[in-house]
Amino acid sequence: MDWIKARIRQVRLWLIAGGPRVGVVGYAGVLLVALLVQSWAGFQYAEWKLYDQSLRVLRHITHQPVANDVVIIAADEASFRAFDEPFALWHKRLGALVDAMVVAQPSVVGMDIVLPAKSFNAVVPDIDRSLMLPLLQARGKLKLVVAQTLDDDMQPRAIFPGFVALIGAQQLASAVVCFDEDSVVRRVMSAQCGGSGNHQGLAEKMAAELGVPARGQGLIDYRTGDAFTTVSMAQVLQWHAEGNVQKLRATFGGKPVLVGVVLPLEDRLRVPVALYAAEPGNTSVPGVMLHAQILRSALNNGYIQVVPRWVVSALTALVCLCWFGYGFKKNLAYWTLFAMLPAIGLYALWLGYALSPAALLLSAKLAYMARQGLESMRLSHQRARITHAFAGHVNP
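An account of the accompanying structure is given in this report. These numbers come from a predicted model, not from an experiment.

## Side note on the overall build of the protein
When you go through the protein residue by residue, the secondary structure sums to 14 helices and twelve strands. For the protein, buried positions account for 44% of its 396 residues. Pairs at least 24 apart in sequence give 81% of the contacts found in the protein among residues at least 6 apart. Here the protein has roughly 20,600 Å² of accessible surface; of this, 60% comes from carbon and sulfur atoms.

Take a look at the structure:
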């Protein structure tokens, strides 16, 4: 124990003595600690929360509407009240919707309603035909992409072969999304988070149908567009039944359309910002709106790119230079940097790059406080030496 105390005292005296070696070793130690903290899962959680807040601020101060936005047809409460059949037997309703979209002439339709895995003719005679005939008549007239989920074995869930034959197996796309550790969806589905490299996501497939080149990987661009409004599926079918072609084409003509369930407690996903106009402030949104936001990203500015880890490490090494120097100029430089880092993060996000300032703020604070601690230790040591030297001569 005495040996340990002696070694600690030697190190303390070495730090107090100062010199180039102390500066270099102290800087290396601060940088190592900063990098280790950045790799800690708890810190990454905090970093994501700061990123989410930055998105909200940027969305508020730099409104970015889109020219040809996604239209959402909602299987909402009004539709469930209007239709007599249970949801699993909506074949006739979905068939009528396909007919309505052929008339409306949208640029592409994405069906975020999973079709049955088997025939229901044994339950309701000829019910499959009520959907298969519209699908047959829509071939060559409507660009249709249908969502497919996963089964218990994490394989693409089967869809009734009769529907697949009419839609085309190549028109099936994954409805699976990518969750971060805090259960918030920020990333586009990719092999990095369990996605299949040969099975495109629903929004990605719709963009491809419009001739948009693949955007690769990245973060969903939540900066773009207004909060979504919806058109009730019951309203669309009413327009179609009334023969209101003008209304159908004015609402959907030439636009990308997504069809999905919009209910208070069904198919909800957590996202960084509020996307549903009817629920301001609610970041738990219907899944169809998440796919719509991904499609917005693909059709407009592309995905937000995460700044590579080596760049963050290099910037960390730069801000850790706050370890060196002391006095008024050092304090002024530090507090100026500390105030600028959040603005730098916002500017990078505005340019389309995710650079959360949390890592750099932490590194700057760590380096500054470590240096302040060393200078305080030196001051205390000098005061103790003066007190000891003049003991009995002056009042310390």
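## Some details on the pairing of strand 2 (residues 108-112)
In terms of residue burial, strand 2 counts as a mostly covered element, since five of its five residues are buried. Two elements, strand 2 and strand 3 (residues 144-148), share three bridges in a ladder whose sense is parallel. In the strand pairing of strand 3, Met111 is matched with Val146. You can see the chain leave strand 2, run along helix 6 (residues 129-138) and come back into strand 3, and the turn it takes is right-handed.

## Quick look at the side chain of Glu47
Within the fold, Glu47 resides in helix 3 (residues 41-61). Beyond its immediate stretch of four places on either side in the chain, Glu47 contacts Ser356, Ala358 and Ala359.

## Notes on the pattern of salt bridges
For the structure shown, the criterion picks out eleven salt bridges. Between Glu85 and Lys92 there is a salt bridge, with its nearest N and O atoms 3.9 Å apart. A salt bridge links Glu85 to Arg93, with the shortest nitrogen-to-oxygen separation between them at 3.1 Å. Accessibility expressed as a relative area gives 17% for Arg93, which makes it buried.

## Topic: the nonpolar core
Tyr51, Tyr222 and Leu290 are the most contacted members of the largest nonpolar core, which totals 43 residues. Elements with a contribution of two residues or more to this core: helix 3, strand 1 (71-75), strand 3, helix 8 (202-209) and helix 11 (287-299). Sort the elements by how many residues they give to this core and helix 11 lands first, with seven residues. Beyond its immediate chain neighbours, meaning those up to four positions away, Leu290 contacts Val177, Val185, Ile220, Tyr222, Leu269 and Val271. Counting residues in hydrophobic clusters, the runner-up holds 40 residues, among them Phe163, Val231, Leu237 and Val257.

## Overview of the pairing of strand 8 (residues 256-261)
Most of strand 8 sits out of view: six of its six residues are buried. Alternating positions in strand 8 separate into two faces, Pro256, Leu258 and Gly260 on one and Val257, Val259 and Val261 on the other, with burial throughout. When strand 1 meets strand 8, the two strands line up parallel, connected through five bridges. Along strand 8, the bridge assignment pairs Val71 with Val257. As judged from the five bridges shared by strand 2 and strand 8, these two strands associate in the parallel manner. The residue bridging Gly110 from the neighbouring strand is Leu258, located in strand 8.

## As for the state of the cysteines
For the structure shown, the criterion picks out zero disulfides. Between Cys320, a cysteine without a disulfide, and Cys322, which holds the nearest cysteine sulfur, the sulfur-to-sulfur distance is 7.8 Å.

## Some details on the sheet that holds strand 4 (residues 172-174)
Read across the sheet, six strands follow the order 4-3-2-8-1-7 without closing on themselves; strand pairing throughout is parallel. Of all strands in the sheet, those with a lone pairing partner are strand 4 and strand 7 (230-232), marking the two edges. Shown here is a sheet whose adjacent strand axes are inclined to one another by a mean of 30 degrees, direction ignored.

## Some details on the environment of Phe252
Checked against the element boundaries, Phe252 lands in helix 10 (residues 245-252). Sequence separation between Phe252 and Val71 is 181 residues, and the spatial gap between their C-alpha atoms is 7.0 Å. Residues within four places of Phe252 in sequence aside, it is in contact with Val71, Ile73, Met101, Ala104, Gln105, Pro106, Val231, Val236, Trp239 and Val257.

## Regarding helix 12 (residues 309-319)
Because an α-helix completes one turn every 3.6 residues, residues spaced three or four positions apart along the sequence face the same direction. Buried within helix 12 we find Val312, Thr316 and Val319. Buried residues of helix 12 fall within an arc of 70 degrees about the axis and therefore sit on the same side. Residues Trp310 and Leu318 are exposed on helix 12 and point more than 90 degrees away from its buried face.

## A short note on the packing of helix 5 (residues 91-104) against helix 6
For any two helices packed against each other, one specifies the inter-axial angle together with the distance between the axes. Closest axis-to-axis distance for the helix 5/helix 6 pair is 7 Å, and the angle between their directions is 15 degrees. When the axes of helix 5 and helix 6 are compared, the pair comes out roughly parallel. The hand of the helix 5/helix 6 crossing is left-handed. Note on element contacts: helix 6 touches helix 5 through Ser130, Leu131, Pro134, Leu135, Gln137 and Ala138, opposite His91, Lys92, Leu94, Gly95, Val98, Asp99 and Val102.

## Brief notes about the packing of helix 3 against helix 13 (residues 328-350)
Helix 13 packs onto helix 3 with a crossing angle of 70 degrees between their chain directions and a minimal axis gap of 10 Å. Classified by the interaxial angle, the pair formed by helix 3 and helix 13 is roughly perpendicular. Where helix 3 crosses over helix 13, the two elements pack in a sense that is right-handed. On helix 13, the residues that touch Tyr51, Ser54, Leu55, Val57 and Leu58 of helix 3 are Leu346, Leu349 and Trp350. Of the residues that constitute the contact of helix 3 with helix 13, the class distribution is seven nonpolar, one polar and no charged.

## Quick word on unusual backbone geometry
The phi dihedral of Asp126 is positive, around 65 degrees, even though this residue is not glycine. Here Asp126 lies in the loop between strand 2 and helix 6. Phi is positive for Ser183, close to 70 degrees, though the residue is something other than glycine. Tracing the backbone shows Ser183 in the loop between strand 5 (178-179) and strand 6 (185-187).

Thresholds, definitions, all that
Residues numbered from 1 in each chain as written. Predicted model: local features only at pLDDT ≥ 70, side-chain atom pairs only at ≥ 80, totals over all residues. Heavy atoms only, no water. Helix = DSSP H or I, 4+ residues; strand = E, 2+ residues; numbered from the N terminus. Buried < 20%, exposed > 50% of the residue type's maximum accessible area, 1.4 Å probe, protein only. Contact = heavy atoms within 4.5 Å. Areas by Shrake-Rupley, 256 points an atom, 1.4 Å probe, with all protein chains shown as cover. Pairing = 2+ DSSP bridges. Right-handed = clockwise from strand over helix to strand, strands pointing away. Salt bridge = Lys/Arg side-chain N within 4 Å of Asp/Glu carboxyl O. Core = buried A, V, L, I, M, F, W, Y, C linked by side-chain atoms within 4.5 Å. Disulfide = S-S within 2.5 Å. Axes fitted to C-alpha atoms, helices over the stretch in contact; angles between N-to-C directions. Arc of directions from axis to C-beta. Parallel < 35°, antiparallel > 145°, perpendicular 65-115°, else oblique. Left-handed = near helix turned anticlockwise from the far one by under 90°. Nonpolar A, V, L, I, M, F, W, Y, C, P; charged D, E, K, R; others polar.

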